[in-house]
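Tertiary structure, described
For reference, the chains in residue letters:
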Amino acid sequence: MRLLKQMFMNVLWSHRFPQATVRAGRRWSCFLSLTAGAGRTFYANAGLRKESSQAHDLAAKKLDLDVWKSVMRSSQPQEDKEEDDDSNDIDDDEEEECSTLESSRELVEMWRLAGKLVPEQISEEDLQALTALSTKSSKKKFLKRLALKEHHKKVDKEKKERKRAQKEAERQRNAEGEEEGADRPLRNTFLMHFWTRSMDALHNWRAAQSMCFGQPLVFDMSYEQNMSKPEMTSAVSQLLESEGWNRRSADPFHLHFCNLKPDGIYHQELLKRYGRDTWDRLLITTTEQHYMDLFPKNQVVYLTADSRNVLRTFDHDKVYIVGAMVDKSIQTGLSLANAKRLQLVTARLPLDNFLHWDMGSKNLTLDQMMRILLTLKEGGNWEQALEFVPKRKHDGFFKAPQLRKQTARTARISERSEANPRTGTGHNNWVSQSRVITVLNTSRIKVSDVKTKRKKNWWDEE
Amino acid sequence: MSSLLFPFVKVNLKQISPLSVLRPWRSIFLKSLHPYLKSAELANLRLESTKEGSRYAAHKKKAAQKDSRRNERQPFSRSVFAAGTASRTAEFMRRKSGEDMVDQPVATSKGPSHAEVPDCPLTVTEWASLKQNSLRPHQFEVQMMKRMVAARSSIDIAKSLLTYVAVETGTLNYELLLKYLTLCVHGNYYSEVFDLYEIMKSHFKTLDPGAYSLFIKVFSTTDRWRESFTMLESLSKTMTPSPRNYGDVIAGALQHGDSTTAWALYDRLLEQGLSPNQDTWQALFKSSCSEHSHNERLRDILLFMRDNQLYPGEPLAQCISSWFESLPADNWTGSWTTAGPSGTCQCCGAALESIRLSEEEYGLLKDRVMRDVIMGRDVFTKTTPQELDRFRKFVESVPAFDVVLDGLNVANTFGKGKQSETLLAVATELEKQGLNILVLGRSHMRRHSHSWDRDHMTRVQQVAHCFFTDDISEDDPFLLYAALHSGNHCMFVSRDLMRDHKACLADGTTRCLFFKWQRGHQLVVHGYAPGRRIRFQRIQSYDTILQTDGASWHIPYDPQGQDRCSYEVPTTWLCLRRAGRPTRPTEAS
């Protein structure tokens, strides 16, 4: 009835607006075919249908709009049987305990079917963690993280496989070439082959040397309770990477992992990632002791993004401390609080003095920090060192970095220290005479220290 | 000062702060709260602040005119806490910076990679060719269905797509069915949803929460509403159902006359610590208009809103009003109104609850601010123990303040000139009015620099008590504590909304209390020009919260179409009172 009415309206419409007749005509034919072809069965053969007229097509289509339902219903019994089999498999004992895990597994399954980002394989441990999460969004996020991890793993594996295949093919080709033609130059050389293990030995030798004589660099591992599980995982990854960069550098630091609680989460995670043997053979100092017990207080500088003092020059006689913490949700002032508690000298990198900062937080990852410090240690300037700040966070370097200062006061101080480096070094008793001194600027830090001391009784003076 | 509004000012000022009543000699200070400034819109602010004194009269006239116009809509001055201020400011700022076009939805030029959604059902062959021609045949069906959902196309087109897939592959995958279900639910094709339910139920052991939610939504409104209970059960096996799921089932039960079940479910919802949706409350109130067996429980809902500082939206407020009016015993009447400047209901004239905190509340809040905001988990995060000690001794040693200035915030409020100059001007201005002032700042302010003149700072220290925290400490927590410590008459001046400090407080009740105190004691500088009085935004004298005195109810509500930030409170009220009382015209003047 509605169709009829519509058709009538269309006719009327086409009378008034001739250009609309094409459309109306189509509907008309549709209606015709509907009435004519009622009860016609559906042809699945596409070849036949191609040849049929437009009207025929439309008729068929109009008829089997619900064909998908019948298709689905017809395939139903087998599925049912399978489901029955499944349900029979489940044992009755421990049903209570299993049911929550099982329902979580089902949830993952259904989300996969619904096209959500979930991992293909999920371990029992992860499943338990999933069940423990209370909200839907947290579950989704957790699964998404697992799925991405799985994806990365898969991609890496594929890449490795591809490379291996390529190498294999290359070798094959080489072997064939050797067999065929003798004109290939012989692989003979008077140079000794430098094996990877020799390189490793060299690195280890350097690391061992630094453990005897090198400049210490401390990772403060006391932030266990401030990190969530994923943050902890990435912190450990960053530590591993930092250690690697340090070991491979020409002049490594003597790494200290201080405040490392035995059998704490950090220790467990590190053991898990390194393996017991490697961990035991690692040429770094790991200790439960506090860094204050290991180094004199006036030698220690805590590097934190929240500090108000800018590190202008790298001092080879200082012990720099880096807080081994990853805070995805930025926890401002956490490491600064620790430094304040111990009344340590703090410093931050001169990011604002050298970089057009674009966006993103100014705390860097541990491996970035390590590479920056290594570059500085090897005699590089700030431009070279700050290359390791992620490019997405800044918009390039200033043309003349020394000209731009945050405040007039800091500018004055830096000019002074540059004009007369001795004013900086004068404060420091730890400068060994034999070494070439990189310009020190402890003066600023010292000055602010003195000021805080004086500040404390300003009220009494009044 | 022959403004039309001046008499109104006098009433007003007394109510703004009990200070004037207690200490009449301070009324000069309060005159600086220029009440004729009705708007917090920055446009006006800028205009007014740049006006010269000679043009004062003309300007005032203009302002009065503006007032009379605005009176129809918004009778009282806007504070930063009044609903809609933030969005209007943002709008103004956007217009000012000429970014009008940015908000326009950019035409997405996805190119031809996406096949257009056809406007009539297609045949199998047509679908096949469409799929072949599309640049991304992978997942063509699901993508197409998604676009159909977005475009809300006709269900027939979707059916033809499903037919095509079913014919081609012999089955349909879950994702496609789920998208089709979404389309059906949006289009209210109930019979189709039932069919789909049978099919999906038979093919899949369980469904995902999204599908359950959609089915619950549809089933609860139809005759098969009882089935939505079982769906809710199966949903709760994997996770806590959302308040919306509960709300749908409750609404379904109420619609079919099963109020006992609905209330049982409502209890379960509360037990799980969820906050019910406004729609749920609306359904509960609506259903009780005819049947009055759960009146006490509905009153509990209102008290729940009061306790959690929730405000009903306009539709819910209407339901509440009609429920009250349907109560057989007392002859309730509801009317839409606003609150007068003196903290009275414009409709019935009843006094609204005062914004003042009781002594116990004050003590509690003070302790909490010290414990949670200043000390926190680690006292070193925001300050040091030595500094805290110094601060404590300081506040004990000086008499209670009348006003606490957030030094850095006030100094930076106006871009022009030296920061120290602005601070000095504001401090001097307040000092002239005989107030005991505290300026809180950081120690770098005392060091001479181009923005902090030493002379200025010396003079600031002469007119006011000063406390400078370390450069690496936070100053706001100290400001809050100093203001709280000085007692109820002490205001604080800052433009900062203190949200991060509010968030440090441990529980919701204290946060509400803090917010209440903040609304009653925070002065926001409204206009300042050198040589002129500083003006502050008005402080409400009444608390914006759902309240009752037995004989009447006053419920603040959000009008439709107004977006309110979390730190804002509504300005519109629903006044409910028993008939028999003298009534005044209900229109908000």
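Residues numbered from 1 in each chain as written. Chains lettered and ligands numbered in written order. Predicted model: local features only at pLDDT ≥ 70, side-chain atom pairs only at ≥ 80, totals over all residues. Heavy atoms only, no water.

As for the overall build of chain A
Operational definition: The way it works is that DSSP assigns letters per residue, a run of H or I at least four long becomes a helix, a run of E at least two long becomes a strand, and they are numbered from the N terminus. Buried means the residue's accessible area, taken with a 1.4 Å probe over protein chains only, is under 20% of the maximum for its type, while exposed means over 50%, and partly exposed covers the values in between. In what follows, residue pairs with any heavy atoms lying within 4.5 Å of each other are defined as contacts. A 1.4 Å probe and the Shrake-Rupley method give the accessible areas. Residues count as covered only by the protein chains that appear here.
Of regular secondary structure, chain A possesses 22 helices and 8 strands. A burial count over chain A gives 38% of its 462 residues as buried. Across chain A, contacts joining residues at least 24 apart in sequence account for 74% of those joining residues at least 6 apart. Just so you have it, chain A exposes about 28800 Å², and 53% of that area is on carbon and sulfur atoms.

A few points about the overall build of chain B
Secondary structure summary: chain B contains 27 helices and 11 strands in total. A burial count over chain B gives 54% of its 589 residues as buried. Sequence separation of at least 24 residues holds for 71% of the intrachain contacts in chain B that already meet a minimum separation of 6. In the form shown here, chain B has an accessible surface area of approximately 25600 Å², with 52% of it arising from carbon and sulfur atoms.

Describing the packing of aromatic side chains
Residues and elements named next belong to chain B. To keep things clear, this is the line we draw: Each Phe, Tyr or Trp ring, with Trp reduced to its six-membered ring, pairs with another whose centre is within 6.5 Å; inter-plane angles below 30 degrees give stacked pairs, above 60 give edge-to-face pairs, and intermediate values give tilted ones.
Across all of its chains, the model carries 30 aromatic pairs over all chains by this definition. Each ring, one from W323 and one from F324, has its centre 4.9 Å from the other, and the planes form 65°; the classification is edge-to-face. Both rings, one in F467 and one in F478, keep their centres 6.1 Å apart while their planes meet at 50°; by these two values the pair is tilted. With a gap of 11 residues between them, F467 in strand β4 (residues 465–469) and F478 in helix α25 (residues 476–485) connect regions that are remote in the sequence. Both residues of the pair, F467 and F478, count as buried.

A few points about the confidence of the model for chain A
All names here are of chain A. Our working definition: Within a predicted model, pLDDT stands for the predictor's per-residue confidence, ranging from 0 to 100.
When the pLDDT values of chain A are averaged, the result is 74; 66% of them are 70 or greater. Note that pLDDT drops below 50 for residues 77–93; the model gives that stretch 8 contacts with residues more than four away or on any other chain. Confidence drops under pLDDT 50 across residues 401–462; counting only partners more than four residues distant or on other chains, this segment forms 87 contacts.

Digging into empty space enclosed by the protein
Residues and elements named next belong to chain B. Rules: Cavity and pocket criteria rest on a 1 Å grid covering protein atoms alone: a 1.4 Å probe that fits but cannot get out defines a cavity, protein on both sides within 12 Å along at least 5 of 7 lines defines an open pocket, and an atom within 4 Å of a point defines a lining residue. Grid points are joined across faces, edges and corners, and a volume is the space filled by probe spheres set on the points. In this count, Pro and Cys sit with the nonpolar residues alongside Ala, Val, Leu, Ile, Met, Phe, Trp and Tyr, while Asp, Glu, Lys and Arg are called charged and the others, Gly among them, polar.
Summed over the entire model, instances satisfying the criterion amount to 10 cavities of 30 Å³ or more. Roughly 80 Å³ of internal volume is contained in the second largest cavity. If you go around the second largest cavity, the residues you meet are S79, V80, F81, R519, Q522, V524, Q537, R538, I539, Q540 and V569. In terms of residue class, the lining of the second largest cavity is built from 5 nonpolar, 4 polar and 2 charged.

Observations concerning the domain arrangement of chain A
The following threshold applies: Segmentation of the chain into domains, including their bounds, is taken from an automatic or database domain assignment.
Annotation of chain A at the domain level lists domain 1 (99–172) and domain 2 (214–397). The C-alpha-based centres of domain 1 of chain A and domain 2 of chain A are spaced at 31 Å.

Let's talk about the pattern of salt bridges
Note that side chains of opposite charge can pair when their charged atoms are close. Residue and element names in this part refer to chain B. For clarity, the threshold we go by: Whenever Lys or Arg places a side-chain nitrogen within 4 Å of a carboxyl oxygen from Asp or Glu, that contact is recorded as a salt bridge.
With the rule as written, the count across this model stands at 35 salt bridges over all chains. Across the pair E91 and R94 runs a salt bridge, and its minimum N-O distance is 3.2 Å. Here the residue E91 and the residue R94 both occupy positions in helix α6 (residues 85–96), the gap between them amounting to 3 residues, near one helical turn. E91 gets classed as partly exposed once you look at its relative accessible area, which sits at 29%. Here R299 and E296 are joined by a salt bridge, their closest N and O atoms 3.3 Å apart. In this pair, R299 and E296 are both assigned in helix α17 (residues 295–307), 3 residues apart and thus about one turn of the helix distant.

Let's talk about the nonpolar core
Heads up, the rule is: Among buried residues, those of type Ala, Val, Leu, Ile, Met, Phe, Trp, Tyr and Cys that are joined through side-chain atoms within 4.5 Å constitute a nonpolar core.
Ranked by internal contacts, the top residues of the largest apolar core, which has 86 residues, are W68(A), F215(B) and F285(B). The element that contributes the greatest number of residues to this core is helix α10 (residues 174–187) of chain B, accounting for 9 residues. Mapped onto the domain boundaries, this core takes at least three residues apiece from domain 1 (1–57 + 111–205) and domain 2 (310–354 + 540–589) of chain B. In this structure W68(A) touches K159(B), L162(B), T163(B), A166(B), L172(B), L177(B), Y180(B), E192(B), L196(B) and I199(B), once residues within four positions along its chain are discounted. Counting 58 residues, the second-largest nonpolar core is a separate cluster that includes L217(A), M227(A), Y302(A) and I372(A).

Section: unusual backbone geometry
Residue and element names in this part refer to chain A. We note that N259 has phi near 60°; this positive angle belongs to a residue other than glycine. Here N259 lies in the loop between β2 (254–258) and α12 (265–274). With relative accessibility at 11%, the residue N259 sits in the buried group. A positive phi angle, close to 55°, is found at Q343, a residue other than glycine.

With respect to the UniProt feature "repeat: PPR" (unreviewed entry) in chain B
For clarity, the threshold we go by: UniProt positions are given in the numbering used here, feature names are shortened, and annotations may be inferred rather than shown by experiment.
Sites flagged by UniProt as "repeat: PPR" (unreviewed entry) map to residues 242–276 of chain B. Secondary structure within residues 242–276 of chain B divides into 74% helix and 0% strand; the distance between the first and last C-alpha atoms comes to 9 Å.

Examining the environment of T571(B)
Residue and element names in this part refer to chain B. By secondary structure assignment, the location of T571 is in the loop between β10 (552–557) and β11 (572–578). With relative accessibility at 15%, the residue T571 sits in the buried group. Taking the C-alpha atoms as reference points, T571 and V218, 353 residues apart in sequence, are found 36 Å from one another.

With respect to the UniProt feature "domain: SAM-dependent MTase TRM10-type" (unreviewed entry) in chain A
Per the UniProt record, "domain: SAM-dependent MTase TRM10-type" (unreviewed entry) is annotated on residues 203–396 of chain A. Secondary structure across residues 203–396 of chain A comprises 41% helix and 15% strand; the distance between its end C-alpha atoms is 33 Å.

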